[in-house]
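Breakdown of the fold
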Amino acid sequence: MSQAVAEKSPAARSTGRPPSAVEFRGVVKRYGDVEAVSGLDLRVEQGQFLTLLGPSGCGKTTTLRLIGGFERPDEGSVEIDGEDMTRTAPFKRPVTTVFQQYALFPHMSVRKNIAYGLKHAKAARSEIDRRVGEIMDLMEIRDMGDRRPAQLSGGQQQRVALARALVMQPKVLLLDEPLGSLDYKLRKSMQFELKRIHGEVGATFIYVTHDQEEAMTMSDRIVILNRGRIEQDAEPREIYDLPKSPFVADFIGDTNLLGGVVSGRDGEFVTVELGILGRVRGTSDSPLSQGDRAQVSIRPTDVRVTPGAPGGAVVTDAVLAGSHVTMKIAGDGEEITAHVPRGGAFAPGDHVRLEADSERARVFEVLD
């Protein structure tokens, strides 16, 4: 399936840096008084699996539609494979899109659904047969060629939709929450399948989701959007371990955001006096110094819980969550969440002592 990867453009090859599949330059998109995308600068390298992640209304789907040509920016430009395509019609862009609703033709067989775009492009019959056969093998749906969409499961329909998109050998594949209609187990399975398919075809995938775990599982790179702007752009591990803002820390995974006062600083490490957790030392990119107010992000997995004396913190709730127990613990006017192994859990009403793995905490400046 290496043929599914388009040749790099001469412009991309001449830059001396990794070739760009998509590049936004100062893109602004407004809907009336609402600025859905605000001065966006974004460069996606060829062959990357990039995920646009964020809550509803953050601008991720609008960004995807700007790449596909379904929306045009009010300001700025959109380049694809080194060419300015800001005003280019969707059908003239080297891009295909897979939506949450797969929009398969119900009266056509799987094979005909996949071949539809190639027939419309007037490809030779031998070329159609070869490419459709290759993509069906890749998607592991060769034995479903004569079935109609109604005879397929949700996961099988999703594979057909992907096959129909990839058979056109796009430079960029856009995926707008394509797993959203699948049940949990199938969704998890298809996350790994999508990652496998991306590795085999080598094309650029740009994926939109609001599911943090999904983004962490599949992506080479995650761009977190908030109100049309980029909050952080990094690899999944960095996004999780080194969030740049309280918004990112709170959005990616579970965390406790606690307010306190800085009591000292040593390079990148800042010490903060908290209530329920006492003194915590964490890393910070903010220009904090002694006496400043700060906000500290501590993951529930980094909270250690041991037996405590009356008058201290107390467990208010404990819920079994599969491999661990999620506990709510209150004290000093605060409530935090801790994830502890099933064998180390406490019951509601128990008095406990708390500590944090503070080397993993992140400290942020409090902006008025």
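Preceding block: the structure.
Each chain has its residues counted from 1, running along the sequence as written. The predicted origin of the model limits local features to residues at a pLDDT of at least 70 and limits the giving and counting of side-chain atom pairs to 80 or more, whereas totals for whole chains, interfaces and linings rest on all residues. Note that water and hydrogens are dropped before the side-chain values are worked out from all heavy atoms of the structure.

As for the pattern of salt bridges
- Just to be clear on terms, a salt bridge is a Lys or Arg side-chain nitrogen sitting within 4 Å of an Asp or Glu carboxyl oxygen. All chains considered together, the criterion is met by 28 salt bridges.
- Among the salt bridges present, the one from Asp146 reaches Arg111, with a minimum N-O distance of 3.1 Å. A residue pair is termed long-range when its members are at least 10 positions apart, and Asp146 in the loop between α4 (125-138) and α5 (154-166) and Arg111 in helix α3 (residues 110-120) qualify at 35 residues.
- To sort residues, take the accessible area from a 1.4 Å probe on protein chains only and compare it with the maximum for the residue type: under 20% means buried, over 50% means exposed, and anything in between is partly exposed. Here Arg111 falls in the partly exposed class, since its relative accessible area comes to 33%.
- For Glu200, the salt bridge identified is with Arg196, shortest N-O distance 3.1 Å. With Glu200 and Arg196 both in helix α6 (residues 184-201), this residue pair falls four residues apart, about one helical turn.
- Given a relative accessible area of 44%, Glu200 falls into the partly exposed group.
- Residue Arg196 is classed as partly exposed on the basis of its relative accessible area, which comes to 24%.
- If you follow the salt bridges from partner to partner, you end up with Glu140, Arg159, Glu193, Arg196 and Glu200 in one network. Helical segments are the DSSP runs of H or I of at least four residues, strand segments are the runs of E of at least two, and each set is numbered from the N terminus.

Re the packing of aromatic side chains
- We call Phe, Tyr and Trp rings a pair once their centres come within 6.5 Å, taking the six-membered ring for Trp, and we label the pair stacked below 30 degrees between planes, edge-to-face above 60, and tilted otherwise. Summed over all chains, the structure comprises five aromatic pairs.
- Where Phe49 meets Phe205, the ring centres are 5.5 Å apart and the plane angle is 50 degrees; that geometry is what we call tilted. Taken as a pair, Phe49 in strand β3 (residues 49-53) and Phe205 in strand β8 (residues 204-209) lie far apart in primary sequence, 156 residues in all. Of the two residues, Phe49 and Phe205, neither departs from the other in class, the shared state being buried.
- Judged by centre distance (5.9 Å) and plane angle (40 degrees), the rings of Phe49 and Tyr207 are tilted. With Phe49 in strand β3 and Tyr207 in strand β8, this residue pair connects regions lying 158 residues apart in the sequence. You'll find Phe49 and Tyr207 in the same group, each marked buried.
- Members of the aromatic cluster, connected to one another through ring pairs, are Phe49, Phe205 and Tyr207.
- When the NZ atom of lysine or the CZ atom of arginine is within 6 Å of a ring's centre and also within 35 degrees of its normal, the charge is said to sit over that ring. One cation-aromatic arrangement involves Arg164 over Phe105; the distance from NZ or CZ to the ring centre is 5.7 Å.
- Above the plane of the ring of Tyr240 lies Arg299, whose end atom (NZ or CZ) is 4.1 Å from the centre.

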